[in-house]
Amino acid sequence: MKYKSRLVILLTITVILEMLGFPSPITGTLVNLMLIFTTLVLNPLAGIFLGVLTPMIALIRGQLPAVLYPLVPAIIIGNITYVTIFSFYRKRYFRETLLFHSFWLWLSIIAGSFLKFLWLYFSVTKIFPLLFSKTISDKIIAVLTFPQLLTAISGGILAVIFYQLLQKRKFL
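Calculation criteria
Residues numbered from 1 in each chain as written. Predicted model: local features only at pLDDT ≥ 70, side-chain atom pairs only at ≥ 80, totals over all residues. Heavy atoms only, no water. Helix = DSSP H or I, 4+ residues; strand = E, 2+ residues; numbered from the N terminus. Contact = heavy atoms within 4.5 Å. 1 Å grid on protein atoms, 1.4 Å probe; cavity = no way out; pocket = protein on both sides within 12 Å on 5 of 7 lines; lining within 4 Å. Points joined across faces, edges and corners; volume = space filled by probe spheres on them. Nonpolar A, V, L, I, M, F, W, Y, C, P; charged D, E, K, R; others polar. Buried < 20%, exposed > 50% of the residue type's maximum accessible area, 1.4 Å probe, protein only. Lys, Arg positive; Asp, Glu negative; His and termini not counted. Salt bridge = Lys/Arg side-chain N within 4 Å of Asp/Glu carboxyl O. Axes fitted to C-alpha atoms, helices over the stretch in contact; angles between N-to-C directions. Parallel < 35°, antiparallel > 145°, perpendicular 65-115°, else oblique. Left-handed = near helix turned anticlockwise from the far one by under 90°. Expected span 1.5 Å × (residues − 1). Arc of directions from axis to C-beta. Patch = residues over 30% accessible without salt bridge, like charges linked within 9 Å, V, L, I, M, F, W, Y side chains within 5 Å. Areas by Shrake-Rupley, 256 points an atom, 1.4 Å probe, with all protein chains shown as cover.

*Asks:* Help me understand the environment of Leu149, please; the structure alone is not making it clear to me.
*Replies:* Position of Leu149 among the secondary structure elements: in helix α7 (residues 146-168). Considered as a pair, Leu149 and Phe117 are 32 residues apart in the sequence and their alpha carbons are 5.3 Å apart. In this structure Leu149 touches Ser113, Phe114 and Phe117, once residues within four positions along its chain are discounted.

Right, dumping it as structure tokens:
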């Protein structure tokens, strides 16, 4: 029951953060923070669960422009990639006790962020135009590419700092 309760709490916090209506770079950083934090506190499946729900919540809430609706699956796959790559390195290469000082931790955040960025870039520049016979404006491409890299890296770093602080205070 402890697992389910924590998942519900983390999901609720994530939904609240999305609904606060912050500018996209802040919301993106906070959502990425929650994806990695949930993965650290619970497991990769919980992080993936959040990664699937967050773009759908943004869609329902109207945070995404209509032109991006067809890209929701690409955003979901980007989130899954981010959590999966982070989890892969976390599981194989570093110990919990050395979390904050681990080279592999920082590599996992950067690699996950970079692969998420590459996937989104490829999706908006190649897949979307191929599937829908439409080109996406440079503004939309700009929103869904480089800023995603920055928000993923900053969210991952903040998640690790937050996780470490809660561990030191025996909250986790």
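*Asks:* What should I look at first to understand the layout of surface pockets in this one?
*Replies:* It is the rolling of a water-molecule-sized probe over the atoms that shows where space remains empty. Size it by volume and the largest pocket reaches roughly 540 Å³. Among the elements of the structure, α2 (24-41), α3 (44-61), α4 (72-93) and α7 are those that each provide at least two residues to the lining of the largest pocket. Taken together, the residues of the lining of the largest pocket break down into 12 nonpolar, nine polar and two charged. Of the volumes computed, that of the second largest pocket is approximately 200 Å³. What lines the second largest pocket is simply Arg6, Ile9, Leu10, Ile13, Leu33, Met34, Phe37, Val41, Phe162, Leu166 and Leu172. Taken together, the elements giving at least two residues each to the lining of the second largest pocket come down to α1 (2-19), α2 and α7. Looking at the lining of the second largest pocket residue by residue, the class counts come to 10 nonpolar, no polar and one charged.

*Asks:* Sorry, what's going on with the side chain of Lys116 here?
*Replies:* Inspection of the secondary structure assignment puts Lys116 in helix α5 (residues 103-132). The buried charged residue Lys116 lacks any salt bridge partner; its closest oppositely charged side chain belongs to Glu18, at an N-O distance of 10 Å. Beyond its immediate sequence surroundings of up to four residues, Lys116 is in contact with Asn32, Gly78, Asn79, Thr81, Tyr82, Gln148 and Ala152.

*Asks:* Is there a simple way to think about the packing of α5 against α7 in this case?
*Replies:* Any two packed helices are characterised by how steeply their axes cross, that is the angle between the axes, and by the distance between the axes. The N-to-C vectors of α5 and α7 enclose an angle of 155 degrees; their axes lie 8 Å apart at closest approach. Between α5 and α7, the angle falls in the class roughly antiparallel. The hand of the α5/α7 crossing is right-handed. Contact residues: α5 offers Leu105, Trp106, Ile109, Ser113, Phe114, Lys116, Phe117 and Leu120, while α7 offers Phe146, Gln148, Leu149, Ala152, Ile153, Gly156, Ile157 and Val160.

*Asks:* Before we go on, may I ask you to explain α1 in this structure?
*Replies:* Taking 1.5 Å of rise per residue, the 18 residues of α1 would be expected to cover 26 Å, and the 26 Å separating its terminal C-alpha atoms lies within 8% of that figure. Along α1, the residues classified as buried are Leu7, Leu10, Thr14, Leu17 and Glu18. For α1, the angular spread of buried residues about the axis comes to 100 degrees, placing them on one side. For α1, exposure combined with an orientation more than 90 degrees from the buried face picks out Lys2, Lys4 and Val8. If you follow the buried residues of α1, they end up packed against α2 and α3. Positive backbone phi, approximately 80 degrees, marks Gly21, located one or two places after α1.

*Asks:* So what exactly am I meant to see when it comes to a nonpolar patch on the surface here?
*Replies:* Together, Ile16, Leu20, Phe22 and Ile26 make up a nonpolar patch on the protein surface, roughly 360 Å² of accessible area in all. Within the secondary structure layout, Ile26 lies in helix α2. The class of Ile26 is partly exposed, set by a relative accessible area of 41%.

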